[in-house]
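Next come the chains, spelled out residue by residue.
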Amino acid sequence: MKQKPLIIANWKMNLAGSEVDRWLEKFDANDPAVSQANVIICPSFVFLEKLAHHAKGTGLAVGAQDLYWEDKGAYTGEISGKQLIDIGCQFVIVGHSERRKLFGETDEVVNAKALSALQYRLRPIICFGENYKEKEEGQTKKVIVDKVRENFKDIRSTDARKVVIAYEPLWAISTSTEVEEPIADSPESAQVVHKLIRKTVAELYDDNVAKEIRIAYGGSVDSSNVASFAAMDDIDGVLVGGASKEASSFQSVVSEFVEKN
Ligand code: 13P
């Protein structure tokens, strides 16, 4: 039997002020589908505390969209794992494709961030995937295996099982600048990559870690296609961008995923 799915809303740099209040009013955290999943909301830093307060006593969890690997010091503009855990965060996205592309984050940086998150008992959601050129050149397998190895460097087995992986085929993200028009991924080809990720984790650690680790799909999904991804054996959840900006569409994603899981 599959574990509870992990359904993550990545608001990116969207929603402000009253829009956040309206989202929270509209999203029904008591819906039975929500209790059958682990639903995580990742707002901008400035709304984390509000979300953490709101999530108390519900099944919702809160995640940040990034962190810095030092715990304190002269790092203007940065935020540490220590600060995130203090305000009630449980998860943190690291190495999202937008951070890698727009802010030059390397696998080394992403690994340092993941290690720091784990040190503070934050569960990192490590994102990676192949770009369009790599896909077209038939490099997907190699890229993915390398990414697992590099991003998990020095992560101990007891910590590795707490990591969430988000597979992001860069060419399939709705706001992708990789390609003129994002290309729809198929659940079957996503499943092939998820299975490869799990196999690589098993080789790095063991079968138990590979079984426990959660692998979410981070290509474009919405309520119309998420069920077909949920039906795949190695797709344990989704990382949702655009379709999480509206409470109602995110609620539908949660219901559809849970129903098909
Ligand atoms: P979209 O759901 O908007 O395609 O974005 C995917 C993503 O980047 C999730 O973090």
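A. Region of interest: the site of the ligand. Taken together, Asn10, Lys12, His96, Glu168, Ile173, Ser174, Gly218, Ser220, Leu239, Gly241 and Gly242 make up the full set of residues adjacent to the ligand. In the environment of the ligand, an oxygen atom lies 2.7 Å from a nitrogen or oxygen atom belonging to the side chain of histidine 96. Between the ligand and the protein, one listed contact pairs an oxygen atom with a backbone N or O atom of glycine 242 at 2.8 Å. Burial of the ligand by the surrounding chains reaches 99%, relative to a free accessible area of 310 Å². Classifying every residue of the shell around the ligand by side-chain character gives two nonpolar, seven polar and two charged.

B. A look at the pairing of strand β1 (residues 6–10). Across the five residues that make up β1, a large majority, five, are buried. Residues Leu6, Ile8 and Asn10 point to one face of β1 and Ile7 and Ala9 to the other, with burial holding for every one of them. In the sheet, β1 pairs with strand β2 (residues 38–42) via five bridges, with the strands oriented parallel. Residue pairing across strands places asparagine 10 opposite cysteine 42, the latter belonging to β2. One ladder, built from four bridges, connects β1 with strand β8 (residues 237–240); its direction is parallel. Looking across to β8, one finds that isoleucine 8 is bridged to leucine 239.

C. Layout of the packing of aromatic side chains. For the structure on display, the rule yields nine aromatic pairs. Judged by centre distance (4.5 Å) and plane angle (15 degrees), the ring pair of tyrosine 217 and phenylalanine 229 falls under stacked. Placement of the pair is tyrosine 217 in strand β7 (residues 214–217) and phenylalanine 229 in helix α12 (residues 226–230), with a sequence separation of twelve residues. Residue classification places tyrosine 217 among the buried positions, given a relative accessible area of 0%. Phenylalanine 229 gets classed as buried once you look at its relative accessible area, which sits at 2%. By the ring-pair criterion, three or more aromatic residues cluster together here, those being Trp11, Trp23, Phe27 and Phe250. Cation over ring: arginine 99 sits above phenylalanine 103, and NZ or CZ is 4.3 Å from the ring centre. Lysine 135 extends its terminal NZ or CZ atom over the ring of tryptophan 171, reaching a point 4.4 Å from the ring centre.

D. Region of the structure containing the pattern of salt bridges. Overall, the coordinates contain 18 salt bridges when judged by the stated rule. Between lysine 26 and glutamate 246 there is a salt bridge; the shortest N-O distance is 4.0 Å. Of the two residues, lysine 26 is situated in helix α1 (residues 18–26) and glutamate 246 in the loop between β8 and α13 (247–260); the sequence distance between them amounts to 220 residues. Taking relative accessible area as the criterion, glutamate 246 reaches 45% and is therefore assigned partly exposed. Its salt-bridge partner being lysine 142, residue aspartate 146 comes within 2.6 Å of it at the nearest N-O pair. With aspartate 146 and lysine 142 both in helix α8 (residues 140–151) and four residues apart, the pair spans about one turn of that helix. Overall, the relative accessible area of 25% leaves aspartate 146 in the partly exposed class. Owing to a relative accessible area of 48%, lysine 142 belongs among the partly exposed residues under this scheme.

Conventions and cut-offs
- Residues numbered from 1 in each chain as written.
- Predicted model: local features only at pLDDT ≥ 70, side-chain atom pairs only at ≥ 80, totals over all residues.
- Heavy atoms only, no water.
- Near = heavy atom within 4 Å.
- Polar contact = N/O pair within 3.5 Å; in protein donor to acceptor, adjacent residues only side chain to side chain.
- Areas by Shrake-Rupley, 256 points an atom, 1.4 Å probe, with all protein chains shown as cover.
- Nonpolar A, V, L, I, M, F, W, Y, C, P; charged D, E, K, R; others polar.
- Buried < 20%, exposed > 50% of the residue type's maximum accessible area, 1.4 Å probe, protein only.
- Helix = DSSP H or I, 4+ residues; strand = E, 2+ residues; numbered from the N terminus.
- Pairing = 2+ DSSP bridges.
- Phe/Tyr/Trp six-rings, centres within 6.5 Å; stacked < 30°, edge-to-face > 60°.
- Lys NZ or Arg CZ within 6 Å of the ring centre and 35° of its normal.
- Salt bridge = Lys/Arg side-chain N within 4 Å of Asp/Glu carboxyl O.

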